[in-house]
Amino acid sequence: MNIILFGPPGAGKGTQAEKLVAERGMVQLSTGNMLRAAIAAGTPLGKEAKQIIDAGELVPDSVMIQMIDEAMDSDTVAKGVILDGFPRTLAQAEALDEMLAGRGLALDTVIEIKVDETVLFGRIESRAEQTGGSRSDDNAEVLKQRLKVYHDNTAPLLPYYREKQILKQVDGMQQIEAVSRQINEVLDS
Ligand code: AMP
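Anyway, here's the lowdown on the structure attached to this text. Just so you know, the residues in each chain are numbered from 1, in the order the chain's sequence is written. At least 70 in pLDDT is required for a residue's local features to be given in this predicted model, at least 80 for side-chain atom pairs to be given and counted, and no such filter applies to totals for whole chains, interfaces and linings, which use all residues. Computation of side-chain values covers all heavy atoms of the structure but excludes hydrogens and water.

**Regarding the environment of Glu 48**
By the secondary structure assignment, Glu 48 is in helix 3 (residues 44-54). Summary of the burial criterion: residues with accessible area below 20% of their type's maximum are buried, those above 50% are exposed, and those between are partly exposed, where the area comes from a 1.4 Å probe applied to protein chains only. Given the relative accessible area of 42%, Glu 48 is considered partly exposed. In the structure, Glu 48 is positioned 72 residues away from Leu 120 in sequence and 27 Å away in space, judged by C-alpha atoms. In this description a helix means any DSSP run of H or I spanning at least four residues, a strand means any run of E spanning at least two, and both kinds are numbered starting from the N terminus.

Structure representation (structure tokens):
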């Protein structure tokens, strides 16, 4: 099974992806985590990405598409992938369809984790406290820009997936365990 966890920054995509990894043995492909690893390793890509991430903007499509293409090796796709933070643009979504088709696969479900925008600021602030400020983009000012980018570039993917009849929604305002239950119900239905 190959799925996308979809939603704005702070919706809980990473948290829920990690639960699915633990419970179902799927593989989480988080482009944000991959970029942060590149930053920590001090690679040229990491250096370029840090500036973009700290501005709340998007890393170029070509870079992200190649990153996911390389991550989708045969072992990974055999377990089923949870895409977390990818795709974020229509070009990425179309490239993903091609990548999966080229491997004889398809997306099964796109799960939108719906959250009121007002709570996102509080969540990002508490994440900043929990991670000791290790994510330099977790502050109100950058979040505002990340939300704008989400509305302008990423939210338009919702109709794309709705048309394909693979879009499902869960209430992300509930507790982590309750959101997890909803996601599992979607995946088992
Ligand atoms: P995330 O951890 O998913 O919130 O990603 C953190 C930041 O990494 C984003 O705000 C973007 O700057 C960058 N990023 C992550 N995934 C992508 C993507 N699929 N396309 C473009 N930029 C991305």
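Let us keep going from here.
**Describing the environment of Asp 75**
Here Asp 75 is to be found in helix 5 (residues 74-79). Overall, Asp 75 belongs to the exposed group, its relative accessible area being 57%. Along the sequence, Asp 75 and Val 27 sit 48 residues apart, while their C-alpha atoms lie 9.5 Å from each other.

**Describing the site of the ligand**
Taken together, 16 residues lie around the ligand, and Thr 31, Arg 36, Glu 57, Gly 85 and Arg 88 are the ones closest in. What qualifies as a polar contact is a pair of N or O atoms within 3.5 Å, subject to a donor-acceptor requirement within protein and to the restriction that residues adjacent in sequence count only when both atoms come from side chains. Separating an oxygen atom of the ligand from a side-chain N or O atom of Arg 36 is a distance of 2.9 Å. At 3.0 Å, a side-chain N or O of Gln 92 approaches a nitrogen atom of the ligand. Any residue that is not Ala, Val, Leu, Ile, Met, Phe, Trp, Tyr, Cys, Pro, Asp, Glu, Lys or Arg is counted as polar, Gly included; the first ten are nonpolar and the last four charged. A breakdown of the residues in the shell around the ligand according to their chemical character gives 6 nonpolar, 4 polar and 6 charged. Nearness of a residue to a molecule or strand requires only that one of the residue's heavy atoms be within 4 Å of it.

**Some remarks on the sheet that holds strand 3 (residues 81-84)**
Strands pair in a sheet through their backbones, by hydrogen bonds, and they do so in one of two ways: parallel or antiparallel. Read across the open sheet, the 5 strands follow the order 2-3-1-4-5; overall the sheet is parallel. Every other strand in the sheet has two partners, leaving strand 2 (27-30) and strand 5 (167-171) as the edge strands with one partner each. Ignoring which end each strand starts from, the neighbouring axes of this sheet average 25° apart. In this structure, strand 4 (residues 109-114) lies alongside strand 5, joined through 5 bridges in parallel fashion. We treat two strands as partners when DSSP finds at least two bridges between them. Angular values range over 0 to 180 degrees, each being the angle between N-to-C directions of two axes fitted as lines to C-alpha atoms, with helices fitted over their stretch in contact.

**A look at the packing of helix 2 (residues 31-41) against helix 4 (residues 61-71)**
In a pair of packed helices, the angle between the axes and the distance between the axes together describe the arrangement. The N-to-C vectors of helix 2 and helix 4 enclose an angle of 100°; their axes lie 11 Å apart at closest approach. By the angle between their directions, the pair helix 2 and helix 4 is classed as roughly perpendicular. Residues Thr 31, Met 34 and Leu 35 of helix 2 pack against Met 64, Met 67, Ile 68 and Ala 71 of helix 4. Of the residues that constitute the contact of helix 2 with helix 4, the class distribution is 6 nonpolar, 1 polar and no charged. The scheme is simple: roughly parallel for angles under 35 degrees, roughly antiparallel for over 145, roughly perpendicular for 65 to 115, oblique for anything else. Contacts: residue pairs with any heavy atoms within 4.5 Å of one another.

**Focus on unusual backbone geometry**
Cis geometry marks the peptide bond from Phe 86 to Pro 87; its omega dihedral reads 0°. For Pro 87, the position within the fold is in the loop between strand 3 and helix 6 (90-102). Phi is positive for Gln 165, which is not a glycine, with a value near 60°.

**A short note on the pattern of salt bridges**
Salt bridges are defined as contacts in which a side-chain nitrogen from Lys or Arg sits within 4 Å of a carboxyl oxygen from Asp or Glu. Scanning the model with the defined rule gives 12 salt bridges in all. Here Lys 19 and Glu 23 are joined by a salt bridge, their closest N and O atoms 4.0 Å apart. Here Lys 19 and its partner Glu 23 are both found in helix 1 (residues 13-24), 4 residues apart, which amounts to about one turn of the helix. Taken together, the shared-partner salt bridges connect Arg 127, Arg 135, Asp 137, Asp 138 and Arg 146 into one network.

**Thoughts on the environment of Glu 112**
Examined against the element boundaries, Glu 112 turns out to sit in strand 4. Setting aside its immediate chain neighbours within four residues, Glu 112 contacts Phe 6, Tyr 150, Leu 158, Leu 167, Lys 168, Gln 169 and Val 170.

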